[in-house]
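Spelled out from the first residue to the last, the chains are:
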Amino acid sequence: MIPFSRVFSYALPIALPIALAYAGSAYAAEPAAYPDKPVRVFTGFAAGGPTDVIARSYAQFAGATLKQPFIVENRPGANTILAAGAVATAAPDGYTLLAAATNHTMIPALYSDRVKFDALKSFAPVCTVAISPTVLVVRPDYPAQDTAGFLADVRAHPGKRTYATPGIGSSGHFATELFSARENLQMVHVPYKGAAPAMNDLMAGQVDMSFATLASVLPQIKAGKLRALAVAAQQRSTLLPEVPTFKEAGVDDYRADAWYGILAPSGTPASVLATLQQTARAYVADDRTKQTMAAMGLDASSVCGADLTTQIAKEIDTYTGIARKLKLSGE
């Protein structure tokens, strides 16, 4: 019979390397704390517009909270397809994010062959961080003084009045086409690469009007550089108490708002998404965020995770139906 001590001594040279190998594997599989390097935040809009401002505000907060730089990269054009595509094909590790807006859910309605990603399935929603109503604004010298006068003027000049949007398929584009179809109006669409250049030309009188998010035009309205005729919301904005809703102006059942939020590539680990969602919720709850949002005509608002997935899916279905009915296409 072999003494137990000798059995142990024979087994030790074999067992110890195996044990160390398993210990090493377990250590190697342990993920590093997120984030441990800079995070890139893409936005498909030009600098200066509301999505860009929100992206930079969020990035500053997230960077300070998570102790790593969150770097905003503007990649405007193609109705945000360039930025969205860059994020959709990025490694799903939480180090590449998309600062998106409502028009993200309009991409499937307008593009087919051009888009190599799925607006729903290629992304893991983090959270919305803000919402904004849509407001009808006109150039300073536009002849109409209210919504009734606006409708009368456009009908008196079919195909002559122009409207600016941040791009084909943007929330402003859909809002205008819906309104035009409802009121039987004929206007000429002038798309831009972002809200800022669109508003610059509107203030300069190069175009006549725009259905814009309040966030993108509030400073210009306050400065008297644009005139607001009506707000597409259930009630008047506290920031523009003198401007009526469309319902008050005689147009029932017309409402349009836009959301702004953060998306990650599909497949991003649940633990990373949880960290990003916690940070987004903290950002929305922060008093400085609320003040920044209010100054821009926004309400801080967070819809996260599965709830945002459901919201995006419903919006895609809605806008796809609208595009088919109105025969809209971005191709």
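Bear in mind the structure is a predicted one, so any value in this text is a computation, not a measurement.

J.: Honestly, the overall build of the protein in this entry has me stumped. Any pointers?
T.: Assigned secondary structure in the protein consists of 11 helices and 10 strands. Taken over 331 residues, the protein has a buried fraction of 52%. The contacts in the protein between residues at least 6 apart in sequence include a share of 79% that link residues at least 24 apart. Carbon and sulfur atoms make up 55% of the accessible area of the protein, which totals about 15,600 Å².

J.: Mind showing me how you'd approach the nonpolar core here?
T.: In summary, soluble globular proteins display a tendency toward joint burial of nonpolar side chains. Ranked by size, the top nonpolar core spans 36 residues in total, and within it Phe-70 and Leu-97 carry the most contacts. Counting only elements with at least two residues in this core, the list comes to strand 1 (39-43), helix 2 (50-66), strand 2 (70-74), strand 3 (96-101), strand 4 (123-138), strand 9 (257-265), helix 9 (270-285) and helix 10 (287-296). Of the residues forming this core, the biggest block, seven residues, is contributed by helix 2. Setting aside its immediate chain neighbours within four residues, Leu-97 contacts Val-39, Arg-40, Val-41, Phe-42, Tyr-58, Phe-70, Val-87, Ile-262, Leu-263, Ala-264 and Leu-276. Counting 28 residues, the second-largest nonpolar core is a separate cluster that includes Ala-100, Leu-110, Ala-119 and Leu-328.

J.: Where do I start with the confidence of the model for the protein in this structure?
T.: Any residue range with low pLDDT should be treated as having predicted coordinates unsuitable for detailed reading. Confidence in the prediction of the protein, expressed as mean pLDDT, is 87, and 90% of residues score 70 or more. Here residues 1-30 is a poorly scored stretch, pLDDT under 50, and it has two contacts once near neighbours within four places are set aside; other chains count.

J.: How should helix 6 (residues 171-183) be read in this particular structure?
T.: Every α-helical turn comprises 3.6 residues, leaving residues that sit three or four positions apart pointing alike. Here helix 6 spans 18 Å end to end across 13 residues, near enough to the 18 Å set by a 1.5 Å rise per residue. Across the 13 residues of helix 6, 10 count as buried, placing the element largely inside the fold. Within the sequence span of helix 6, burial applies to Ser-171, Gly-172, His-173, Phe-174, Ala-175, Thr-176, Glu-177, Phe-179, Ser-180 and Glu-183.

J.: Explanation requested: the packing of helix 7 (residues 195-203) against helix 8 (residues 214-222) in the structure shown.
T.: The description of two packed helices rests on the angle between their axes and on the distance between the axes. Interhelical geometry of helix 7 versus helix 8 gives an angle of 35° and a closest axis separation of 10 Å. Remark: the crossing between helix 7 and helix 8 carries right-handed chirality. On the side of helix 7, the interface is formed by Ala-195, Met-199 and Met-203, while helix 8 contributes Ser-216, Val-217 and Gln-220. A per-class count over the contact of helix 7 with helix 8 returns four nonpolar, two polar and no charged.

Conventions adopted
Residues numbered from 1 in each chain as written. Predicted model: local features only at pLDDT ≥ 70, side-chain atom pairs only at ≥ 80, totals over all residues. Heavy atoms only, no water. Helix = DSSP H or I, 4+ residues; strand = E, 2+ residues; numbered from the N terminus. Buried < 20%, exposed > 50% of the residue type's maximum accessible area, 1.4 Å probe, protein only. Contact = heavy atoms within 4.5 Å. Areas by Shrake-Rupley, 256 points an atom, 1.4 Å probe, with all protein chains shown as cover. Core = buried A, V, L, I, M, F, W, Y, C linked by side-chain atoms within 4.5 Å. pLDDT = per-residue confidence, 0-100. Expected span 1.5 Å × (residues − 1). Axes fitted to C-alpha atoms, helices over the stretch in contact; angles between N-to-C directions. Left-handed = near helix turned anticlockwise from the far one by under 90°. Nonpolar A, V, L, I, M, F, W, Y, C, P; charged D, E, K, R; others polar.

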